[in-house]
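# Structural overview for review
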Amino acid sequence: MAGNQKSKAKMEQAKGKAKEAVGRVVGNERMTAEGRAAQSKGDARQAKEKGKDAFRH
């Protein structure tokens, strides 16, 4: 399960970076902000999983 959550975190970060880049290119501030939000959601998920790993070992 932890591997699944870690991959979700990486996917959210990648999608967020892509969305932010597209938003910058087309000049859409809303899309850029949504991309940043997706990245931070992925970062939070990744931090949570790292914390879980620290307690498991």
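Our subject is the structure listed above.
My aim in this report is to walk through the structure given alongside it, one point at a time.

What follows concerns the pattern of salt bridges. Throughout the structure, instances matching the rule amount to 8 salt bridges. For Asp53, the salt bridge identified is with Lys6, shortest N-O distance 2.5 Å. Linking Asp53 in helix H2 (residues 29-56) with Lys6 in helix H1 (residues 2-26), this pair joins segments that are 47 residues apart in sequence. One salt bridge connects Glu12 with Lys41, and the closest N-O pair in it is separated by 4.0 Å. Linking Glu12 in helix H1 with Lys41 in helix H2, this pair joins segments that are 29 residues apart in sequence. Here Lys41 falls in the exposed class, since its relative accessible area comes to 52%. Connected through salt bridges with shared partners, the residues Glu12, Lys41 and Arg45 form a single ionic network.

Glancing now at the environment of Lys19. Tracing the chain through its elements places Lys19 in helix H1. Separated by 15 residues in the primary sequence, Lys19 and Glu34 place their C-alpha atoms 7.3 Å from one another. Setting aside chain neighbours within four positions, we find Lys19 in contact with Met31, Glu34 and Gly35. A distance of 2.9 Å separates a polar atom in the side chain of Lys19 from a polar atom in the side chain of Glu34.

Moving on, we come to H2. Between the first and last C-alpha of H2 there are 41 Å, a value that for 28 residues agrees with the 40 Å anticipated at 1.5 Å per step. When H2 is considered as a whole, its buried residues turn out to be Thr32, Gly35, Gln39, Gly42, Arg45, Glu49 and Asp53. A side-chain oxygen of the first residue of H2 lies 3.1 Å from the backbone nitrogen of Arg30; this N-cap is Asn28.

What counts and how
- Residues numbered from 1 in each chain as written.
- Predicted model: local features only at pLDDT ≥ 70, side-chain atom pairs only at ≥ 80, totals over all residues.
- Heavy atoms only, no water.
- Salt bridge = Lys/Arg side-chain N within 4 Å of Asp/Glu carboxyl O.
- Helix = DSSP H or I, 4+ residues; strand = E, 2+ residues; numbered from the N terminus.
- Buried < 20%, exposed > 50% of the residue type's maximum accessible area, 1.4 Å probe, protein only.
- Contact = heavy atoms within 4.5 Å.
- Polar contact = N/O pair within 3.5 Å; in protein donor to acceptor, adjacent residues only side chain to side chain.
- Expected span 1.5 Å × (residues − 1).

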